[in-house]
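The lines below spell out each chain.
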Amino acid sequence: MIIAGRGRLSHVLDPFQAEVVACLQGLQAAIDLGIIRVHLETDALQVQQAVESQRWDLSMAGGLISEIKELAYLNCVEFVIKAVPRSCNRVAHELAALGCVFCG
């Protein structure tokens, strides 16, 4: 892990959109640090599937998903998104819980 963040997202429709926004923010943070080989982990398989396909392009989160794809294409030599079980992503889960405590 290179960097971590936390915070509260306002006006999200559902957990899917919140996870897409978090992935987008994580990708942007990596790009801002000059990282060009990005391996993004999420505990939401649906987000991985959305980024890897075109089926979600017209969904409510389609613009955000397209932004992830475009940022990765324009800025990364290597971009991998992988869904991992929450138990394997404990740091992100703990940061999200901490963000809820301080921002709630």
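Residues numbered from 1 in each chain as written. Predicted model: local features only at pLDDT ≥ 70, side-chain atom pairs only at ≥ 80, totals over all residues. Heavy atoms only, no water.

Focus on the overall build of the chain
- Looking only at helices and strands, the chain has four helices and two strands in total.
- Starting at the N terminus and walking to the C terminus, you meet the elements of the chain as α-β-α-α-β-α.
- Across the 104 residues of the chain, 27% fall into the buried class.
- Relative to all contacts within the chain whose residues are 6 or more apart in sequence, the contacts with residues 24 or more apart total 73%.
- With an accessible surface of roughly 7000 Å², the chain has 56% of that area assigned to carbon and sulfur atoms. (Helix = DSSP H or I, 4+ residues; strand = E, 2+ residues; numbered from the N terminus. Buried < 20%, exposed > 50% of the residue type's maximum accessible area, 1.4 Å probe, protein only. Contact = heavy atoms within 4.5 Å. Areas by Shrake-Rupley, 256 points an atom, 1.4 Å probe, with all protein chains shown as cover.)

Description of unusual backbone geometry
- Residue H11 is not a glycine yet carries a positive backbone phi of 60°.
- Along the chain, H11 falls in the segment before α1 (15–32).
- Owing to a relative accessible area of 79%, H11 belongs among the exposed residues under this scheme.

From the geometry alone we can't say anything about function, so treat these as descriptive.
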